[in-house]
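# Observations on the three-dimensional arrangement
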Amino acid sequence: MEIQREIEELTVNFEACHKTLTAMGDETRQHILLEMMRMDYNGSRVQAITQRTNLSRPAVSHHLQILKDAGIVKMRKEGTMTFYYLDPDMASFQHLRATLQQAVDICARLPDRSGEDR
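Residues numbered from 1 in each chain as written. Predicted model: local features only at pLDDT ≥ 70, side-chain atom pairs only at ≥ 80, totals over all residues. Heavy atoms only, no water.

### A look at the environment of V73
Our working rule: Working definition: helices are DSSP H or I runs of at least four residues, strands are E runs of at least two. Numbering for both runs from the N terminus. In what follows, a contact means two residues having at least one pair of non-hydrogen atoms within 4.5 Å.
Along the polypeptide, V73 turns up in strand β1 (residues 73–78). In this structure, the C-alpha to C-alpha distance between V73 and Y85, residues twelve residues apart in sequence, is 5.6 Å. Ignoring any residue separated from it by four or fewer positions in sequence, one finds V73 in contact with L33, M36, L64, L67, K68, Y84, Y85, L86 and D87.

See the structure below:
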């Protein structure tokens, strides 16, 4: 029953990736991330992201908070200014990638149930 233990471990890992999956599942947040990648590497302010995405300031702030909670984006303050930047360690993406690879590895060992001859 080794595979059952691995599936239970995968369940725990999927739960741990929930915030990352939710954050990345939204097209607007994907667009914000892509724009941030194109912008200044020192960090982006909400106003700059607003201009590049045609979203309102509150909408950008809301999406950045979700990305921040998921560990994808970090922030730093310089005086009264707040800069958002991509997490250089990308730990949340690394964990998601490892979890998806774990799912692929488990699925590869499951029996074919398609009914097709291979």
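That shown, we press on.
### A closer look at the side chain of T53
If you trace the backbone, T53 turns up in helix α4 (residues 46–53). With near-sequence residues (within four places) excluded, T53 lies in contact with H31, I32, E35 and V60.

### Focus on the side chain of Q102
In this fold, Q102 is placed in helix α6 (residues 91–109). Sequence-distant contacts of Q102, defined by excluding residues within four places in its chain, comprise E6, E9, L10 and N13.

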